[in-house]
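Below, each chain spelled out in residue letters.
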Protein chains: 2
Amino acid sequence: MSGRSGAVDKRRLILDAAITVFARQGFHHCRVSDVADQAGVAYGLVYHYFDSKEQMLNELFLERWQIMLDAIGEIDAKTDLTPRQKLREVAGFIIDSYRHEPDLMKVIIVEVTRAANSFGRLHLEKIREAYNRIAVIVEAARRDGTFKQDISSEFAAMCFYGAIEQLLSGWIFDLLPATEDEFERAKSLVVEAICGGLEVSPSSTPAVSG
Amino acid sequence: MSGRSGAVDKRRLILDAAITVFARQGFHHCRVSDVADQAGVAYGLVYHYFDSKEQMLNELFLERWQIMLDAIGEIDAKTDLTPRQKLREVAGFIIDSYRHEPDLMKVIIVEVTRAANSFGRLHLEKIREAYNRIAVIVEAARRDGTFKQDISSEFAAMCFYGAIEQLLSGWIFDLLPATEDEFERAKSLVVEAICGGLEVSPSSTPAVSG
DNA sequence: CTTGCGATTGACTCGCGAGTCAATCGAGTC
DNA sequence: GACTCGATTGACTCGCGAGTCAATCGCAAG
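Thresholds applied
Position labels on residues start from 1 in each chain and follow its written sequence. For naming, the first written chain is A and the first written ligand is 1, with later ones following in the order written. Given that this is a predicted model, residues contribute local features only at a pLDDT of at least 70 and side-chain atom pairs are listed and counted only at 80 or more, while totals for whole chains, interfaces and linings are drawn from all residues. Remark: hydrogens and water are excluded; side-chain values derive from all non-hydrogen atoms of the structure. Fitted lines through C-alpha atoms give the axes, limited to the stretch in contact for helices. The angle between two N-to-C directions lies from 0 to 180 degrees. Numbering of helices and strands starts at the N terminus; helices are DSSP runs of H or I of at least 4 residues and strands are runs of E of at least 2. Orientation is classified from the angle alone, with under 35 degrees giving roughly parallel, over 145 giving roughly antiparallel, 65 to 115 giving roughly perpendicular, and any other angle giving oblique. We call a crossing left-handed when the near helix sits turned anticlockwise from the far one by less than a right angle, and right-handed when that turn is clockwise. The contact rule is simple, with two residues in contact once any of their heavy atoms fall within 4.5 Å. Note that Gly is not counted as nonpolar here; it falls among the polar residues with everything else outside the nonpolar set of Ala, Val, Leu, Ile, Met, Phe, Trp, Tyr, Cys and Pro and the charged set of Asp, Glu, Lys and Arg. The superposition of copies rests on a least-squares fit of C-alpha positions from residues with pLDDT of 70 or more in both. Aromatic pairing here means that ring centres of Phe, Tyr or Trp (its six-membered ring) are within 6.5 Å. Orientation follows from the plane angle: under 30 degrees is stacked, over 60 is edge-to-face, and everything else is tilted. Here's how the labels work: a residue is buried when its accessible area is under 20% of the maximum for its type, exposed when over 50%, partly exposed in between, all with a 1.4 Å probe on protein chains only. Any Lys NZ or Arg CZ found within 6 Å of a ring centre and within 35 degrees of that ring's normal is scored as a charge over the ring. What makes a residue near a molecule or strand is one non-hydrogen atom of that residue sitting within 4 Å of it. We call two N or O atoms a polar contact when they sit within 3.5 Å, provided that within protein one can donate a hydrogen and the other can accept it, with sequence-adjacent residues counted only if both atoms are side-chain atoms. Only protein atoms enter the 1 Å grid used here, on which a cavity is any set of points holding a 1.4 Å probe that cannot leave and a pocket is any open set flanked by protein within 12 Å on both sides along at least five of seven lines; residues with an atom within 4 Å of a point are listed as lining. Grid points are joined across faces, edges and corners, and a volume is the space filled by probe spheres set on the points. Summed over both partners, the accessible surface that disappears when two parts come together, traced with a 1.4 Å probe, is what is meant by buried area. The term salt bridge refers to a pairing of a side-chain nitrogen on Lys or Arg with a carboxyl oxygen on Asp or Glu at a separation within 4 Å.

Chemist: I tried to follow the packing of helix α1 (residues 10-25) of chain B against helix α6 (residues 102-113) of chain B on my own but got confused; where do I start?
Modeler: In helix packing, the relevant descriptors are the interaxial angle and the interaxial distance, both defined with respect to the helix axes. All names here are of chain B. Taken N-terminus to C-terminus, the directions of α1 and α6 make an angle of 55°; their axes are 8 Å apart at the nearest point. Relative to α6, α1 is oriented oblique. Considering how the two elements wind past one another, α1 and α6 form a crossing that is left-handed. Of α6, the residues touching α1 (which contributes I19, T20, F22 and A23) are D103, L104, K106, V107 and E111. Among the residues making up the contact of α1 with α6, the classes are represented as five nonpolar, one polar and three charged.

Chemist: Sorry if this is basic, but what is going on with the relation of the copies chain A and chain B here?
Modeler: Related by rotation about an axis and a shift along that axis, the two copies of the chain form a pair. In the superposition of chain A on chain B (RMSD 0.0 Å, axial shift 0.0 Å), the rotation amounts to 180°. With respect to symmetry, the two chain copies, as superposed, fit the operation of a two-fold axis. Taking the C-alpha atom as reference, chain A places G197 of chain A closest to the rotation axis, 1.7 Å from it. Comparing interface residues between copies, 100% of those in chain A also sit at the interface in chain B, which points to an isologous, same-surface contact.

Chemist: Explanation requested: the packing of aromatic side chains in the structure shown.
Modeler: All names here are of chain A. Taken as a whole and assessed by the stated rule, the structure comprises 14 aromatic pairs over all chains. Considering the side-chain rings of Y98 and F183, the 5.8 Å spacing of their centres and the 85° angle between planes classify their relative orientation as edge-to-face. With Y98 in helix α5 (residues 83-100) and F183 in helix α9 (residues 180-196), this residue pair connects regions lying 85 residues apart in the sequence. Accessibility classification places Y98 together with F183 in one group, the buried group. Through a chain of ring-to-ring contacts, the aromatic side chains of Y98, W171 and F183 assemble into a single cluster. The side chain of K53 reaches across the aromatic face of F27, ending 4.6 Å from its centre.

Chemist: I keep staring at the side chain of N58 of chain A and nothing clicks. Help me out?
Modeler: On the secondary structure map, N58 of chain A appears in helix α4 (residues 53-77). Discounting residues that sit within four places of it in the chain, N58 of chain A has contacts with F119, L122 and H123 of chain A.

Chemist: Whenever I open this one, the protein's contact with DNA strand C confuses me. Can you help?
Modeler: What surrounds DNA strand C is a group of 17 residues, the closest being K10, A42 and Y49 of chain A together with V32 and Y43 of chain B. For DNA strand C, the backbone makes up 66% of the atoms found within 4 Å of the protein, where backbone means sugar plus phosphate. Between DNA strand C and G44 of chain A, the relevant distance is 3.1 Å, taken from a base nitrogen to a main-chain nitrogen or oxygen of the residue. Side-chain polar atom of Y43 of chain B to a base nitrogen of DNA strand C: 2.5 Å apart, as the coordinates give it. For the surface near DNA strand C, the leading source of residues is helix α3 (residues 43-49) of chain A, giving five residues. Looking at the surface near DNA strand C residue by residue, the class counts come to ten nonpolar, three polar and four charged.

Chemist: Help me understand the layout of surface pockets, please; the structure alone is not making it clear to me.
Modeler: Where empty space is left becomes clear once a probe the size of a water molecule has been rolled over the atoms. Size it by volume and the largest pocket reaches roughly 260 Å³. Considering the residues around the largest pocket, the lining is formed by 17 residues, among which L176 and P177 of chain A together with S152, E154 and F155 of chain B are closest to the centre. Secondary structure elements with two or more residues in the lining of the largest pocket: α9 of chain A together with α7 (119-143) and α8 (153-172) of chain B. Its residues placed into classes, the lining of the largest pocket shows eleven nonpolar, two polar and four charged. Estimated volume of the second largest pocket: approximately 160 Å³. Considering the residues around the second largest pocket, the lining is formed by S152, E154 and F155 of chain A together with W171, L176, P177, E182, R185, A186 and L189 of chain B. Ranked by the residues each element gives to the lining of the second largest pocket, the list is headed by helix α9 (residues 180-196) of chain B, at four residues.

Chemist: Is there a simple way to explain unusual backbone geometry in this structure?
Modeler: The bulk of non-glycine residues show a negative phi, and the bulk of peptide bonds are trans. Residues and elements named next belong to chain A. Of note in this structure, D174 is not a glycine but carries a positive phi near 60°. Note on placement: D174 falls in the loop between α8 (153-172) and α9. For D174, a relative accessible area of 59% translates into the label exposed.

Chemist: Even after reading the chapter, I still don't get the interface of chain A and chain B, so can you show me in this structure?
Modeler: Accessible area lost when the parts come together is the quantity often used to give the size of an interface. Contacts between chain A and chain B engage 60 residues on the former and 60 residues on the latter. Looking only at chain A, the three residues that lose the most surface to chain B are K148, L198 and E199 of chain A, adding up to 15% of its buried area. Where K148 of chain B meets E192 of chain A, a salt bridge forms, and the shortest distance between an N and an O atom there is 3.8 Å. At the surface where chain A touches chain B, the tally comes to 18 residue pairs in polar contact (both at pLDDT 80 or more). Those elements that place two or more of their residues in the side of chain A that touches chain B are α1 (10-25), α6 (102-113), α7 (119-143), α8 and α9 of chain A. Per element, the largest residue contribution to the side of chain A that touches chain B is twelve residues, and it comes from α8 of chain A. Residue classes in the side of chain A that touches chain B are distributed as 29 nonpolar, 17 polar and 14 charged.

Everything listed here is a matter of geometry and, on its own, says nothing about what the molecule does.
Shown next, in the form of structure tokens:
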């Protein structure tokens, strides 16, 4: 392998450069040479470690997406949490992912998740898996009577995930203020919006007066 | 112009062909010649009517998006509707757009709206305008006390729009069943989910027992 | 020192596809 | 019939950028 201790892991170096370049220029509008330059590495070395430009994107996506799938699974396994608390943790996880690695998340969302026509197609099954895991959480809530029966768990999962992804998009493209504070507030607000609803209702958190 | 009565409007013919081809193959993975072939027209004629491949996409987007902006504006102007009813009509409009012109909506969502890195960037302002118009509806509801104060109207608008777009994505990529029935139900359900919330609450539609 | 071998280099190939353009068509006009 | 001019054609150009490859480097083992 390329794991000589002491030597920089060039493979990783190139992947990280790819994150930066893909995020800045977009996958379609950057050249492989841009990635090599960013990594401070010769053009050919990229092809020593990767078969193609696409493979880099695939690897970035799969690596990170699996982490998210595992995280959702673990959250769902916490039997002491209510469904709403679980969704709160899922939202928290995704938003934190963006907080800590905005470039990577931007690439995943913009180039893969929301581009199901090109690369997304390859990964539709993986993407669907995430929706399914969220749906599992919702389904439990429907069964225990917390959540409405007439909204299917698949439908609810899509709404929930869609809302979160739209928030990330908003931050990515400066349509929403992207500050630490906003991130933190958003975690709870998105759950309140989707679970509790936008409307004031006696049974949910009372609205702040004034 | 190209509006000789009796003669087919070739410009329109090419635009329609572009919708079909962009939807089927994706903007980046199709050739201009594919569009010409689909339109049954010589390659060069495409460049007689359009400056570039991009211009076709821009035109398709702007034309349709403006219709949606106008529609939202008109819905908001109906003073006899409650905010929730207005949102219901907005959801209905967008979903009907997909029902009637799935290819066009697919192109707009996949190639423009969700690709803010490439073409979206050009149109970010137009896209933002849609969020703003939805936010205006929400803001009115917040002011009259129907909607929660602690969720800003911009935030709520993003959640609402994000949920709808995710539903369309689900239909486009076969992650959700796409039948006439589902479309019809979705219109009300997405509003119920976002406004009323996923949770059962005394003040909203009671859950079906059994 | 030398041999072996993976890491590294970057000039080069080569196909693709956007955009050009000179030629042709054909409907209307006198 | 001859002329005009926009519509239409499709072969051609030309730059770009993904992927190749033969050469070189440099460490480690004998």
